[in-house]
Structure formats: structure tokens, C-alpha cells
Amino acid sequence: VLSNFTVAGRFLGGLIQYKLRIPRERRFLVAFFVYVTTSLLSGTLLFLPVPLMALWFLLDGVLGVTSYTIRSVATQSYVPDNRRARFNGIFQMICFVGSVTGSLVIGALAEVLPERLIVTATNALVLLAVYLFMYRGREHVKKIYNREV
């Protein structure tokens, strides 16, 4: 039932994206904010009562579709047309392998560690990755995210 709030959030986020255009020079900043916020939302989810969980799922849906749109449009406009299909295929394969591997590792850890600890720790790793790749490499990433499309 709670995951329906994510779907509703994605729908709402899609409507917002349709009506509101994020200025080119702010796309990186918005995406960075979304990455940090969604990892904080996800990391605290299991410590909340159900009504707040529903709100977190809704916010996650709104923010998730926003970051996906920014990332997708930015990378699609950056990659040359003759390499776009190959890029998309490799990107999707890497995401799938990472998702499956992460699920296996987290599932194994859940056999011996508390779920709240695992969720908090994995979202702390996401924050670390955001810092290492997005923040420290912001000058390079901004060139991709803030492109005119």
C-alpha cells in the first residue's frame, strides 16, 4: 500500500515537470539536492510511523522522477546520436547488475544484521557516492547537467 504513494508521487512529479521548466543553470543543483534528499528520506524511512512513511514515499516519487528526467535528458543530449543506443544499453546493464548485486548483498546482510542498520548504512554509502562523484566532480558534471537541450 505504501508503495502506491511512490507511484502517486511519480505521477505528481511528472505533472510538475510538464508545467515547470528547471532553468538550465540550476539543473545540477536541483539534481544534487534530489540525490541528497532522497537518500536521507530512504535512510530514515524505517524509523517513522506509517503516515510519515507514506509522505516520505510520496516525496521520494516526486523527487525521483525529477532526478531521472534531469539525468536522462542531460546524458542523452551529451552523447552523440550514433552512440546513444550503445550508451543506453551499457548504462541499463550496469544499473541492472548493480541492482541485483546490491539486492543479494543486502539480503545476505539482513540475515545477520538489523534491517534498520542496513538501510541506514546503505543510504550513508549513497551519500558518500554523491559527495565523491557529484560534489567533488561538480565542475565536470555541471557541464553535462546544465547543457542546453
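Residues numbered from 1 in each chain as written. Predicted model: local features only at pLDDT ≥ 70, side-chain atom pairs only at ≥ 80, totals over all residues. Heavy atoms only, no water.

1. Some words on the packing of aromatic side chains
So, point 1. Taken as a whole and judged by the stated rule, the model has five aromatic pairs.
So, point 2. Centre to centre, the rings of phenylalanine 87 and phenylalanine 91 are 6.1 Å apart; their planes meet at 15 degrees, and the pair counts as stacked. Of the two residues, phenylalanine 87 and phenylalanine 91 both sit in helix H4 (residues 84–110), four residues apart, roughly one turn of that helix.
So, point 3. With a relative accessible area of 29%, phenylalanine 87 lands in the partly exposed category.
So, point 4. With centroids separated by 5.7 Å and ring planes inclined at 20 degrees, the aromatic side chains of tyrosine 131 and tyrosine 135 adopt a geometry described as stacked. With tyrosine 131 and tyrosine 135 both in helix H5 (residues 115–135) and four residues apart, the pair spans about one turn of that helix.
So, point 5. What links up through ring pairs into an aromatic cluster is the set Phe28, Phe32, Tyr131, Tyr135 and Tyr145. (Phe/Tyr/Trp six-rings, centres within 6.5 Å; stacked < 30°, edge-to-face > 60°. Helix = DSSP H or I, 4+ residues; strand = E, 2+ residues; numbered from the N terminus. Buried < 20%, exposed > 50% of the residue type's maximum accessible area, 1.4 Å probe, protein only.)

2. A word on the packing of helix H2 (residues 27–44) against helix H6 (residues 138–145)
So, point 1. At a minimum axis distance of 8 Å, the contact between H2 and H6 shows a crossing angle of 115 degrees. Accordingly, the angle class assigned to the pair H2 and H6 is roughly perpendicular. By crossing handedness, the relation of H2 to H6 is classed as right-handed. Residues Arg27, Phe28, Ala31 and Tyr35 of H2 pack against Arg138, Val141, Lys142 and Tyr145 of H6.
So, point 2. For the contact of H2 with H6, the per-class residue count stands at five nonpolar, no polar and three charged. (Axes fitted to C-alpha atoms, helices over the stretch in contact; angles between N-to-C directions. Parallel < 35°, antiparallel > 145°, perpendicular 65-115°, else oblique. Left-handed = near helix turned anticlockwise from the far one by under 90°. Contact = heavy atoms within 4.5 Å. Nonpolar A, V, L, I, M, F, W, Y, C, P; charged D, E, K, R; others polar.)

3. Notes on the nonpolar core
So, point 1. Ile22, Phe28, Ala31, Tyr35, Ile70, Ala74, Val130, Met134, Val141 and Tyr145 form the largest nonpolar core, which has 10 residues in total.
So, point 2. Put simply, the parts of the chain that give this core at least two residues each are H2, helix H3 (50–78), H5 and H6.
So, point 3. Counting residues per element, this core draws most heavily on H2, which supplies three residues.
So, point 4. Those residues in contact with isoleucine 22 that lie beyond four places of it in its chain are Gln17, Arg27, Val30, Thr66 and Ile70.
So, point 5. Judged by nonpolar contacts, the second largest core, of six residues, contains Val34, Leu41, Leu45 and Trp56. (Core = buried A, V, L, I, M, F, W, Y, C linked by side-chain atoms within 4.5 Å.)

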